Amino acid sequence: MASVHESLYFNPMMTNGVVHANVFGIKDWVTPYKIAVLVLLNEMGRTGEGAVSLMERRRLNQLLLPLLQGPDITLSKLYKLIEESCPQLANSVQIRIKLMAEGELKDMEQFFDDLSDSFSGTEPEVHKTSVVGLFLRHMILAYSKLSFSQVFKLYTALQQYFQNGEKKSVEDADMELTSREEGERKMEKEELDVSIREEEVSCSGPLSQKQAEFFLSQQASLLKNDETKALTPASLQKELNNLLKFNPDFAEAHYLSYLNNLRVQDVFSSTHSLLHYFDRLILTGAESKSNGEEGYGRSLRYAALNLAALHCRFGHYQQAELALQEAIRIAQESNDHVCLQHCLSWLYVLGQKRSDSYVLLEHSVKKAVHFGLPYLASLGIQSLVQQRAFAGKTANKLMDALKDSDLLHWKHSLSELIDISIAQKTAIWRLYGRSTMALQQAQMLLSMNSLEAVNAGVQQNNTESFAVALCHLAELHAEQGCFAAASEVLKHLKERFPPNSQHAQLWMLCDQKIQFDRAMNDGKYHLADSLVTGITALNSIEGVYRKAIVLQAQNQMSEAHKLLQKLLIHCQKIRNTEMVISVLLSVAELYWRSSSPTIALPVLLQALALSKEYRLQYLASETVLNLAFAQLILGIPEQALSLLHMAIEPILADGAVLDKGRAMFLVAKCQVASAAAYDPPKKAEALEAAIENLSEAKNYFAKVDCKEQIRDVVYFQARLYHTLGKTQERNRCAMLFRQLHQELPSHGVPLINHL
């Protein structure tokens, strides 16, 4: 069958074995598959209303559109599809095709002559302007234009098409007669062979204009909305190459090839396809016919703009800036304000690290509103909100700005931007340390129904914003010790966004970070160290930071300090305030673990000033926690306890379980240190309160399986029980400490020096 399609001897677009450049000059041509579909339509018209039930007719009507618009399929697959909808009609179609294929050429000619009768009479079976009517008329017209030799070759192709279908049916019947075990093994092999043959059949021949347009629009829609249901990158590229082989000037196919190459981060092929798309757009005259000479310049400036966006996506900022300058120059010459607005938005993206970039952004939003570009205006508002969140603006002002952009979304039904806005709110609440609000926003996005009407079965929410929300959800569950729930969320992410999809890096990084945290909690530093490589590949800053944490845990203080200092300088340069504060806290921990708490105080005060300035409440609370610990080491537990009362509320309300445990453990330490000067009755009361706090801390640590911290807690509890004279409780805690101490490595650091 592949040879039939490759020869194309019944294709009117082929002359002397050469395909014309404009293969879509005629919208449709007759193929054996389309004859089989015509037989199905004819049988549906001949079958009376009573012979086919209402549900079967409804299923057949739903089946017709994909059969008419989709690419050619094998006869066996067509029989199977018809049989699923109406078994009785499938038998009739099979008999009719068999009679035609095993008969003579005049049977096929008579069949096409009889097709015209469908439109005759006062109440015709098919209306001329209906979808089925237009298909019938196209087929009758295409058949009437064939020469006798082409008709003969079409009939030969029909016979070959029928024989291949019969051969497949015989193979299926033979397989059913074999034993179950042998049948299963043979079935796997045969299905593999058949799928390859079917792929060759569907890919080797040219598609008609309608089939090609339907295929491209369907795949482009799937790439945007639900990448998992689109063809794999290799399969899609094979189909596109086959399409371009028969029509190299088909511009839309080049653009889909560009989108497909973006999926696999192939910078060379995506650039090549994008340039070919705009070249073909200009060569075919599609733009200039509708817009005169203006169309030519329009293609050029949008080509430069798209090239700038492509380079920016791959991090080639110098090339992106050059392409953007070219786009601006051509747009200014043509006085194209819409293109200039897009250029202005990309100028902000390229220069967003500059201090004055917000001026560009504000100007872009005002101009977008002026020229009636709600999509650009909304994206500008959201970028402005993101920038001001990093600059430390209050949450209420940011949420008011997002509310204004939401009004634009609902007014213009911009469903994609509604999702982005909610994902943005989730990220902002997490940045400010409000995990409850972040959780609420993430769940709101997941429960939202899409506003965009798409075909049944298409998952609208397989977009970047959906992936971001799910990643936040997984991390939030992991922070609360719900690792099973986090694992389920990640499993769902892996199903929705396979490793070859463009948003897969989001869940990959999230998964690696959760695994790293679990390994560190469990004291498996060698395992955590092996995960650093994967994190670094996905996010270099995060990878270096976590490498320093591992070195610190392994008591390699000098190496950790060097790494943290380099990272601090880099993060200050790129203005990553959140990471700067995290690095400062790690540096402070290095100092007090090296018995230099006085040096740690200025570092902690610097971190506190930054977190207050940028309104990072959770990081501020964590910094206060570290300051309290430094004061405890310096021998002023009363001040440490008063500081703790300031910081503990946000931590217990929105903090991770590990931080809650650390806070309660520190409270207990401060209570014990403060009780040294108390009277015996008051001291015993303070120690009892400390034991309760230690029990609470132990419960928190147990949720995240942090054995090292549990060991420290039970050691402390055993000491307190000994002081109070409670021998039985002391022995129980001492036994638990011994078990954990034998299981975990000890690095010789005094237990009191751990926060």
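Within each chain, residues carry numbers counting from 1 in the order of the written sequence. Residue-level local features of this predicted model are given only where pLDDT is at least 70; pairs of side-chain atoms are given and counted only at 80 or more, and the full residue set underlies all totals for whole chains, interfaces and linings. Processing note: side-chain calculations cover all non-hydrogen atoms of the structure and skip hydrogens and water entirely.

In the annotation of an unreviewed UniProt entry, the protein is listed under the name Anaphase-promoting complex subunit 5 and assigned to Puma concolor. UniProt positions are given in the numbering used here, feature names are shortened, and annotations may be inferred rather than shown by experiment. Turning to the protein, the UniProt record has this under Subunit (unreviewed entry): "The mammalian APC/C is composed at least of 14 distinct subunits ANAPC1, ANAPC2, CDC27/APC3, ANAPC4, ANAPC5, CDC16/APC6, ANAPC7, CDC23/APC8, ANAPC10, ANAPC11, CDC26/APC12, ANAPC13, ANAPC15 and ANAPC16 that assemble into a complex of at least 19 chains with a combined molecular mass of around 1.2 MDa; APC/C interacts with FZR1 and FBXO5." The UniProt entry for the protein carries this comment under Sequence similarities (unreviewed entry): "Belongs to the APC5 family."

Chemist: Can you help me understand the overall build of the protein in this one?
Modeler: Helix and strand assignments come from DSSP, with helices taken as H or I runs of at least 4 residues and strands as E runs of at least 2, each series counted from the N terminus. When helices and strands are tallied, the protein shows 36 helices and 2 strands. Counting over 755 residues, the protein shows a buried share of 49%. What makes two residues a contact is simply this: any of their non-hydrogen atoms within 4.5 Å. Counting only contacts in the protein whose residues sit at least 6 apart along the sequence, the fraction spanning at least 24 positions is 64%. All accessible-area figures derive from a Shrake-Rupley calculation using a 1.4 Å probe, and residue coverage is judged against the displayed protein chains alone. Of the roughly 37200 Å² of accessible surface on the protein, a fraction of 54% belongs to carbon and sulfur atoms. Exposure classes here rest on a 1.4 Å probe applied to the protein chains alone. A residue is buried below 20% of its type maximum, exposed above 50%, and partly exposed in between.

Chemist: Hey, could you run me through unusual backbone geometry in this one?
Modeler: Peptide bonds are trans in most cases, and residues, glycine excluded, mostly fall at negative phi. You will see that Asn335, though not glycine, has its phi angle at about 60 degrees, which is positive. Along the chain, Asn335 turns up in the loop between α16 (317-334) and α17 (337-350). In this structure, Asp705 takes a positive phi of about 55 degrees despite not being glycine. You can see Asp705 is positioned in the loop between α34 (680-703) and α35 (707-724).

Chemist: In this structure, what is going on with the nonpolar core? I would like to understand it.
Modeler: General note: in soluble globular proteins, nonpolar side chains tend to be found buried as a group. Grouped together as the largest cluster of nonpolar side chains are 112 residues, with contacts concentrated most on Ile428, Tyr432, Leu493, Val583, Leu644, Leu666 and Leu720. Filtering out sequence-adjacent residues up to four positions away, Leu493 remains in contact with Ala467, Leu470, Cys471 and Trp507. Nine residue types can take part in a nonpolar core, namely buried Ala, Val, Leu, Ile, Met, Phe, Trp, Tyr and Cys, and a core is a set of them joined through side-chain atoms within 4.5 Å.

Chemist: It is not clear to me how the environment of Gln502 should be interpreted in this structure. Could you clarify?
Modeler: Summarising the element assignment, Gln502 is placed in the loop between α24 (483-496) and α25 (504-521). Classification of Gln502 by relative accessible area gives partly exposed; the value is 26%. On a C-alpha basis, the gap between Gln502 and Gln265 in space is 8.1 Å, while along the polypeptide they are 237 residues apart.

Chemist: Quick question: what am I supposed to make of helix α11 (residues 233-246) here?
Modeler: Structural remark: α-helix, 3.6 residues per turn; residues separated by three or four positions point the same way. Taking 1.5 Å per residue as the helical rise, α11 with its 14 residues ought to reach 20 Å, and the 20 Å between its terminal C-alpha atoms agrees with that figure. Every buried residue belonging to α11 is among Pro233, Leu236, Gln237, Glu239, Leu240, Asn242, Leu243, Leu244 and Phe246, and all of these are buried. The span one expects for a helix is its residue count, reduced by one, times 1.5 Å.

Chemist: How should a negative patch on the surface be read in this particular structure?
Modeler: Residues with no salt bridge and a relative accessible area higher than 30% make up the patches, which join like charges within 9 Å and nonpolar side chains (Val, Leu, Ile, Met, Phe, Trp, Tyr) within 5 Å. Every case where a carboxyl oxygen of Asp or Glu lies within 4 Å of a side-chain nitrogen of Lys or Arg is listed as a salt bridge. Neither His nor the chain termini are counted; the positive set is Lys and Arg, and the negative set is Asp and Glu. For this purpose, a charge sits on NZ of Lys, CZ of Arg, CG of Asp or CD of Glu. On the surface, Glu109, Asp113, Asp114 and Asp117 cluster together into a patch of negative charge. Mapping Glu109 onto the fold places it in helix α6 (residues 105-115). A relative accessible area of 32% means that Glu109 is categorised as partly exposed.

Chemist: Just checking my understanding: could you explain the state of the cysteines for this structure?
Modeler: In protein structure, a disulfide is the covalent linkage between the sulfur atoms of two cysteines. Pairs of cysteine sulfur atoms within 2.5 Å are identified as disulfides in what follows. By the definition in use, this model includes 0 disulfides. Considering cysteine sulfurs only, Cys343 is the nearest to Cys339, which forms no disulfide, with 4.2 Å between them.

Chemist: I tried to follow the environment of Tyr591 on my own but got confused; where do I start?
Modeler: With respect to the helices and strands, the residue Tyr591 is situated in helix α29 (residues 577-593). When the C-alpha atoms of Tyr591 and Met557 are compared, they prove to be 9.1 Å apart, with 34 residues separating the residues in sequence. Among residues more than four places away in sequence, those in contact with Tyr591 are His561, Gln565, Ser596, Pro597, Ile599, Ala600 and Val603. Side chain to side chain, Tyr591 and His561 meet in a polar contact 3.3 Å long. For this analysis, a polar contact is any N or O atom pair within 3.5 Å, provided that within protein one partner can donate a hydrogen and the other can accept it, and provided that sequence-adjacent residues contribute only side-chain to side-chain pairs.

Chemist: Please clarify how the environment of Leu604 should be interpreted in this entry.
Modeler: The topology assignment puts Leu604 in helix α30 (residues 597-613). Between the C-alpha atom of Leu604 and that of Ile581, which follows or precedes it by 23 residues, the distance is 8.9 Å. When sequence neighbours within four positions are dropped, the list of residues in contact with Leu604 reads Leu585, Ala588, Trp592, Thr623, Asn626, Leu627 and Ala630.

Chemist: Looking at this structure, how should I read the confidence of the model for the protein?
Modeler: Residues with a pLDDT of 70 or more make up 84% of the protein, whose mean pLDDT is 81. Every residue gets a pLDDT, meaning the predictor's confidence in that residue, from 0 to 100. Within the protein, strand β2 (residues 18-19) has the poorest average pLDDT of any element, 31, and helix α27 (residues 540-553) the best, 94. Note that pLDDT drops below 50 for residues 1-26; the model gives that stretch 63 contacts with residues more than four away or on any other chain. Between residues 286-293, whose pLDDT stays under 50, and residues either more than four places distant or in other chains, the model counts 9 contacts.

Chemist: What exactly am I supposed to notice about the packing of aromatic side chains here?
Modeler: Aromatic ring pairs are defined here through the distance separating the ring centres and the angle between the ring planes. Aromatic rings from Phe, Tyr and Trp, taking only the six-membered ring of Trp, are treated as a pair when their centres fall within 6.5 Å; an angle between ring planes under 30 degrees marks them as stacked, one over 60 as edge-to-face, and anything in between as tilted. Under the criterion given, the structure shown has 8 aromatic pairs. Joined through ring pairs, the aromatic side chains of Tyr255, Tyr258, Tyr277 and Phe278 make up one cluster. Across the ring face of Phe665, the terminal group of Lys669 is positioned such that the distance to the ring centre comes to 4.3 Å. Put simply, a charge is over a ring when the Lys NZ or the Arg CZ is close to the ring centre, within 6 Å, and near the line of the ring normal, within 35 degrees. Lying across the ring of Tyr678, Lys682 places its NZ or CZ 4.7 Å from the centre.

Chemist: Got a minute to help me understand α29 in this structure?
Modeler: For α29, with 17 residues, the first-to-last C-alpha span of 24 Å sits near the 24 Å given by 1.5 Å per residue. Most of α29 sits out of view: 14 of its 17 residues are buried.

Chemist: It is not clear to me how the pattern of salt bridges should be interpreted in this structure. Could you clarify?
Modeler: Working definition: two side chains of opposite charge can pair if their charged atoms are close together. As enumerated under the stated definition, the model contains 22 salt bridges in all. Notably, a salt bridge pairs Glu479 with Arg430, separated by 2.8 Å at the nearest N-O pair. With Glu479 in helix α23 (residues 464-479) and Arg430 in helix α21 (residues 415-431), the pair connects residues that are 49 residues apart, well separated along the chain. Given the relative accessible area of 27%, Glu479 is considered partly exposed.

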